[in-house]
Amino acid sequence: MPTMVTANVFYKKTPGILELTDSYLQWTQNGQKAPSVRVPHAETSSLFCSKEGASQVKLKIALFGDDNGHNFTFISPNPVALGEREKFKAELTTIIARNRKSSESPTKLPVFSSVSAASTSQPLRTGAISSRPSTSRATSVSSDNLRATPIIPGTDPAADFRHRKNVFMNDPELAALHRELVAGGHISEAEFWEGREHLIYAQVAQDSQRKGKSGVLVDPRTETVDGVIQLTPQLIHDTFEQYPVVAKAYHETVPSKLTEAEFWTRYFRSKLFNAHRASIRSAAAQHVVQDDPIFDKYLEKDDDAELEPRRQRDDKVELFVDLGATREDHEQVGNEQDITMQAGRQKGALPLIRKFNEHSERLLNSALQVVLSNIPLECAYQISRGEGSSTKRKRTTIDEDLHNPESSAGIALEMQDRQRYFEGQMKDTQHNTLKEKLDVTSIIRNTVLNLQQWDTNFAQLKVERKPYDAALLSMTQNVHARLDVKVRKHDIPEDLFRQMRSCQTAANEFLRHFWTSTCPPMTDGQSPSLSTPAQRAAKAAKMIGYLSKTPEKIAALVQTAQQQGIDPSRVEVAMQPVFNAVGRALTSYYNKKTPGPRS
Amino acid sequence: MNVDSDSDISISDYEENEAGVSRSRTKGKKKATDKRKKDKAKRKPKDVQAYTWEANFARSWETVQEDEGGSLQGAVNDWMARGRRKRLLQPQNAIRRTIIRHMVLLIDLSSSMMDRDMRPTRFAVTLQYAREFVLEWFDQNPLGQMAVVGMRAGVGERICDMSGNPQDVLKSISDRHKLEPIGEPSLQNSIEMARNSMNHLPTHSSREILIIFGSLTTCDPGNIHDTLDECVKNRIRISIVALAAEMKICRDLCDKTGGQFGVALNEGHFKDLLFELVPPPAQRALPRSSAAVSSSTNPAADLIMMGFPTRLPDTSPPSFCVCHSELRSKGFLCPRCLAKICDVPTDCDICGLMIVSSPHLARSYHHLFPVKPYSAVASFDNVADPSTSPSCHACSKIFPTTALHNIVDGMSAIGRYRCPDCETDFCSDCDVFVHDVIHCCPGCGE
């Protein structure tokens, strides 16, 4: 039973591990083997979370027939705990959504209801969904598929539906718009998402992220001077995973021969632990460590001596790193062999090298989820891409660093009448040269003459009052207008403002559909949404039908404003851009129509 | 005994690089010393200092050499010559570049960014350069849009959505406390994230990912080569500036997608590498197959429809904009559908028309029509009649009448630099200014 999500949580103030598996949500107290809380997926009815930003990260699961349910508090530090909870939440929401669907009870979540009501346009067969083995694994795989083929809304109903729901949860305004337009039956679900695919893409990217397995070696160290090792569930988990032999020892000894605590104390004192330490075996530790009859039998035989690899590789080593590849050169030419590079010369390093190799292999295998026990990765990759051995040989013996980087200069820019680019400047400069031809000295002389009696001229200057007053007045008005704009920011009552806004967003949505159907954006065949011109024309006509009602709606809004005692002109002005835009759409539509359809 | 301890060191180095273990094994010493040790291990083994601040001490002034007369002119000339030689390497002819760019800036926010091999930390340096980069990038690519993704704690985290407004991008990376590095990075997750936010973009624009990567490990859920293949398929260019060392997968990501890869040696070099990515990338011919088909290797270009908006004055009464659905007084009107939008350049929210202002276009233009590099005039033999052009054509500075002797490659002995097109001479300062700032030869315009 594969585990989908796990986290360390408190349940009834006891630390333990919360797991979500294929069919159960279960909680195991630390140290216990069997889960003490086990909830089948089908029984979960709803879930509640503590507010984001609350000191404790909590999750509550309510069951059918038991509203009290179970309370879990996440132990990890805050950001991590939040992430963990989000995962649980994501998984559980889908499960719960499924449960609700199958129990055919009408849904309560507002967002949810709007979506499910709206999705009637594309058939969602409940049966199909509940039969789907929808687990985290399935989700990730299906999202992998989605990644490979760009999602077009409607390909995978369940996943698609979930992503849309998430988009709505993050963007309540969009959800409101969706509720109004799609649930109101104005436009279809597919139409609504057309042009908004990127939102789903982004959501898919966010939702389908899985954390990779950390590559850090387990290396328990004493945190304090007195030599105490903090044993966390995570540490135990990692230890078991990285050293299967410890897990084996644990299973064989723990309830029967040793207690849990004894097991760990003895393990950390044993030779086995020292052999597992990531650092090179220190000579000092060897003396401190006593023999331990239980753990010593799990010790591997002293591997310092054996030089031969434990597992023969039956594949070809990459020529670039194969020390044996040049062996024949030495015989022919008589060159001395490179004595500094001998496999396994430094015996102390052998266990470490082995450990790293095993560790890396385990990591890669877990990431690729293919057992490539005998095939190293590079090879497997090439095999999977169908590369022959000759190309491989060629490739492996070429050191890319020794080659000049491919210097392709790019495509030449060939512009028609390139000279015209400079024309504007040239005109200017011609103009300038004309000016320069003027006799500079005469100009200066004239200026000097003009300035000779400047003081008397200046005294004769009379200021006309009227134009200055007018200028000042207009400036004041300007400043006043600016101030006015800044001060009266927002005094339209909330209710009316919301109406205005929804009218505006709805009109915008219709406009958007109108324009995409009349002037389709440049797409390179990625989403051939509405292909035939006839379909598009029909859509445009439909949108125009809606749009032609917009002026009435605006007029109604203005009237409401008047009734509520607000300056109706302000509402009118606020809606002006929408009004104009609608007008433009209408005229362009009718203009296009009257001269007849130009294909 | 001696041999033993030696091996100890080399192995612990190896181990840290191999496994990327963030904890080094110091057998029960405190964390602080721990961290320092790791720093040291990253550097050359010989600089074994007792304290971190000692490492900060570098005699940078000694790299500048005075000449016999005690003048620094020689050193300055040397720097300028270096710039000139670099410019000569660039393609001379106008080539196609993608001036409409979409870039995702991918910043490593893993714990390895807290390393202090760059001062004060890699993280702080990265943030600072990222801000400068964003400003410069938008300045040079006014038609571009940028998004920011962080890689933190094993997943990709969207920090800023695709935006054409530098202020939005800057704001998203201004608060360092929100971006505090934690956990391990995942190249795959974050590249997937970036890729998905670019999937819907039209292909006439460039799609680029710039990764600032400080870690030596990546913690991926799947096979990153698949991600690489997808990127190649989607024509996404990946460029990486690594802060630690070269990794095979990073190099592959860049090579196969046509991006640039570089490992920063120090802070200055880091900045250089980053800023090399500011000019728009050359559009490359598709691999051989299609080049063979069109013999001219110059595939036909398509026209893109753009619109110049009408600007509303600041003082106009507030009205609804389509982008935020808020009452705003400022704004622009789309020429096609008359929708009111807040910022240009952008794609119109309603009709999808690309809306730009003409200065934006003009600013992007110079990348397409670069000024040809000026050639250094070697001696007076090449000057037909010094009396007709006694001074720089641009700034009227009088040219020297005697030739200098200790001249490095790429510098002119008589201080003249000639435009290959208009054959007028410029002084070295104007040469730099013309090529770096005004991007238009003053002589050719006449």
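Just so you know, these numbers come straight off a predicted model, no measurement behind them.

### Overview of the overall build of chain B
- Counting its secondary structure elements, chain B contains 13 helices and 17 strands.
- Burial statistics for chain B: of 446 residues in total, 47% are counted as buried.
- Long-range contacts, defined here as pairs at least 24 residues apart, represent 65% of the contacts in chain B between residues at least 6 apart.

### Remarks on the overall build of chain A
- When helices and strands are counted, chain A shows 26 helices and seven strands.
- For chain A, buried positions account for 33% of its 599 residues.
- Counting only contacts in chain A whose residues sit at least 6 apart along the sequence, the fraction spanning at least 24 positions is 58%.
- Counting only carbon and sulfur atoms, one obtains 55% of the accessible surface of chain A, whose full area is about 37200 Å².

### Some remarks on the UniProt feature "domain: C2H2-type" (unreviewed entry) in chain B
- Feature annotation in UniProt assigns "domain: C2H2-type" (unreviewed entry) to the following positions: residues 419–439 of chain B.
- For residues 419–439 of chain B, helix accounts for 52% and strand for 10%, while the C-alpha atoms at its two ends are 13 Å apart.

### Quick notes on the packing of aromatic side chains
Residue and element names in this part refer to chain A.
- Throughout the structure, instances matching the rule amount to 17 aromatic pairs over all chains.
- Geometrically, the ring pair formed by Phe-510 and Tyr-546 is stacked, given 4.7 Å between the ring centres and 20° between the ring planes. In this pair, Phe-510 sits in helix H23 (residues 494–518) while Tyr-546 sits in helix H24 (residues 533–547), placing the two residues 36 residues apart along the sequence. Pair check on accessibility: Phe-510 and Tyr-546 agree, each one buried.
- Among the aromatic side chains, those forming a connected cluster through ring pairs are Phe-240, Tyr-250, Phe-263, Trp-264 and Tyr-267.

### As for the pattern of salt bridges
Residue and element names in this part refer to chain B.
- Under the criterion given, the structure shown has 21 salt bridges over all chains.
- Glu-132 is the partner of Lys-271 in a salt bridge, and the nearest nitrogen-oxygen pair spans 2.7 Å. Here the residue Lys-271 occupies a position in helix H10 (residues 267–275), and Glu-132 occupies one in helix H5 (residues 122–140), the gap between them amounting to 139 residues.
- A relative accessible area of 28% places Lys-271 in the partly exposed class.
- Of the residues examined, Glu-132 reaches a relative accessible area of 26% and is grouped as partly exposed.
- A salt bridge links Lys-248 to Asp-252; its shortest N-O distance comes to 3.6 Å. One end of the pair, Lys-248, and the other, Asp-252, are both in helix H9 (residues 248–257), four residues apart, so they sit about a helical turn from each other.
- A residue is classified by how much of its surface remains accessible, and Lys-248, at 55% relative accessible area, is exposed.
- Using a relative accessible area of 11% as the deciding quantity, one classes Asp-252 as buried.
- The structure contains a network of salt bridges with shared partners spanning Glu-192, Arg-195, Glu-230 and Lys-233.

### Here's the deal with the environment of His-41 of chain A
- Along the chain, His-41 of chain A falls in the loop between strand E4 (37–40) and strand E5 (44–49).
- Residues His-41 of chain A and Thr-21 of chain A lie 20 residues apart in sequence; the distance between their C-alpha atoms is 9.1 Å.

### Some remarks on H9 of chain B
Residue and element names in this part refer to chain B.
- By the burial criterion, the buried members of H9 are Ile-249, Cys-250, Asp-252, Leu-253, Cys-254 and Thr-257.
- Residues of H9 that are buried make contact with helix H7 (187–196), strand E4 (206–213), helix H8 (224–233), strand E5 (236–242) and strand E6 (261–263).
- One or two positions beyond H9, positive phi appears at Gly-258, with a value near 85°.

### Overview of the pairing of strand E1 (residues 101–108) of chain B
Residue and element names in this part refer to chain B.
- Taken across its eight residues, E1 has eight buried, putting it largely inside the fold.
- Here E1 shows a buried face lined by Arg-101, Met-103, Leu-105 and Ile-107 and a second buried face lined by His-102, Val-104, Leu-106 and Asp-108.
- One ladder, built from seven bridges, connects E1 with E4; its direction is parallel. Counterpart to Ile-107 in the pairing with E4 is Ile-212.
- Here E1 pairs with strand E2 (residues 145–152) via seven bridges, running parallel. Looking across to E2, one finds that Met-103 is bridged to Met-146.
- In the classification by handedness, the crossover that spans E1, the intervening H5 and the parallel E2 is right-handed.

### Some details on unusual backbone geometry
All names here are of chain B.
- The omega torsion of the bond from Arg-119 to Pro-120 falls at -5°, within 30 degrees of zero and hence cis.
- Structurally, Pro-120 can be placed in the loop between E1 and H5.
- Residue Val-344 is joined to Pro-345 through a cis peptide bond whose omega torsion reads -5°.
- Its identity as a non-glycine residue notwithstanding, Ala-153 has a phi of 50°, on the positive side.
- Tracing the backbone shows Ala-153 in the loop between E2 and strand E3 (155–163).
- Even without being glycine, Glu-423 reaches a positive phi, approximately 60°.
- In this structure, Glu-423 sits in the loop between strand E16 (417–418) and strand E17 (425–426).

### Here we look at helix H12 (residues 358–365) of chain B
Residue and element names in this part refer to chain B.
- Residues His-360, Leu-361 and Ser-364 constitute the buried set of H12. With its buried residues spanning 95° around the axis, H12 presents them on a single face.
- Tucked into the core, H12 has its buried residues touching H5 and strand E7 (306–307).

### Structural notes on the pairing of E5 of chain B
All names here are of chain B.
- Extensive coverage of E5 is indicated by the burial of seven of its seven residues.
- The side-chain alternation of E5 yields two buried faces, one formed by Ile-236, Ile-238, Ile-240 and Ala-242 and the other by Arg-237, Ser-239 and Val-241.
- Note that the unit made of E4, H8 and E5 has a crossover that is right-handed.
- When E5 meets E6, the two strands line up parallel, connected through three bridges. Counted as the bridge partner of Ala-242 is Val-263 from E6.

### Thoughts on the state of the cysteines
All names here are of chain B.
- Tallied over the full model, the rule gives zero disulfides over all chains.
- The cysteine Cys-334 is free of any disulfide, with Cys-337 supplying the nearest cysteine sulfur at 3.6 Å.
- Residue classification places Cys-334 among the buried positions, given a relative accessible area of 0%.

### Observations regarding the confidence of the model for chain A
- Averaged over chain A, the pLDDT score is 70; the fraction of residues at 70 or greater is 64%.
- When the criterion is pLDDT under 50, residues 104–154 of chain A qualifies, and its contacts beyond four places in sequence or with other chains add up to 69 contacts.

### Section: the nonpolar core
- In terms of nonpolar packing, the biggest core is built from 42 residues, with Phe-514, Trp-515 and Leu-547 of chain A together with Cys-348 of chain B touching the most fellow members.
- Secondary-structure elements contributing two or more residues to this core are helix H5 (157–170), helix H6 (172–181), helix H7 (189–193), helix H8 (197–207), H23, H24 and helix H26 (568–593) of chain A.
- Those residues in contact with Phe-514 of chain A, other than ones at most four positions away along the chain, are Ala-540, Met-543, Ile-544, Leu-547, Ala-585, Ser-588 and Tyr-589 of chain A.
- Among the nonpolar cores identified, the runner-up in size contains 32 residues, and Ile-107, Val-148, Cys-160 and Leu-170 of chain B belong to it.

### Looking at the side chain of Ser-112 of chain B
- Residue position: Ser-112 of chain B is located in the loop between E1 and H5.
- Beyond its immediate chain neighbours, meaning those up to four positions away, Ser-112 of chain B contacts Arg-122, Gly-214 and Ser-215 of chain B.

### Observations concerning the sheet that holds E1 of chain B
All names here are of chain B.
- One open sheet accounts for six strands, arranged E3-E2-E1-E4-E5-E6; its pairing is mixed. Of all strands in the sheet, those with a lone pairing partner are E3 and E6, marking the two edges. If you compare each strand with its neighbour and ignore which way they point, the axes differ by 15° on average.
- Bridging between E2 and E3 involves six bridges; their strand directions are antiparallel. Directly across from Val-148, in E3, lies its bridge partner Cys-160.

### Brief notes about the packing of H23 of chain A against helix H25 (residues 550–563) of chain A
All names here are of chain A.
- One way to put it is that H23 packs onto H25 with a least axis distance of 11 Å and a crossing angle of 170°. Between H23 and H25, the angle is such that the two are roughly antiparallel. Here Leu-496, Gln-499, Met-500, Cys-503 and Ala-507 of H23 lie close against H25, whose contacting residues are Thr-550, Lys-553, Ile-554, Leu-557, Thr-560 and Ala-561.

Basis of the calculations
Residues numbered from 1 in each chain as written. Chains lettered and ligands numbered in written order. Predicted model: local features only at pLDDT ≥ 70, side-chain atom pairs only at ≥ 80, totals over all residues. Heavy atoms only, no water. Helix = DSSP H or I, 4+ residues; strand = E, 2+ residues; numbered from the N terminus. Buried < 20%, exposed > 50% of the residue type's maximum accessible area, 1.4 Å probe, protein only. Contact = heavy atoms within 4.5 Å. Areas by Shrake-Rupley, 256 points an atom, 1.4 Å probe, with all protein chains shown as cover. UniProt positions renumbered as here; feature names shortened; annotations may be inferred. Phe/Tyr/Trp six-rings, centres within 6.5 Å; stacked < 30°, edge-to-face > 60°. Salt bridge = Lys/Arg side-chain N within 4 Å of Asp/Glu carboxyl O. Pairing = 2+ DSSP bridges. Right-handed = clockwise from strand over helix to strand, strands pointing away. Arc of directions from axis to C-beta. Disulfide = S-S within 2.5 Å. pLDDT = per-residue confidence, 0-100. Core = buried A, V, L, I, M, F, W, Y, C linked by side-chain atoms within 4.5 Å. Axes fitted to C-alpha atoms, helices over the stretch in contact; angles between N-to-C directions. Parallel < 35°, antiparallel > 145°, perpendicular 65-115°, else oblique.

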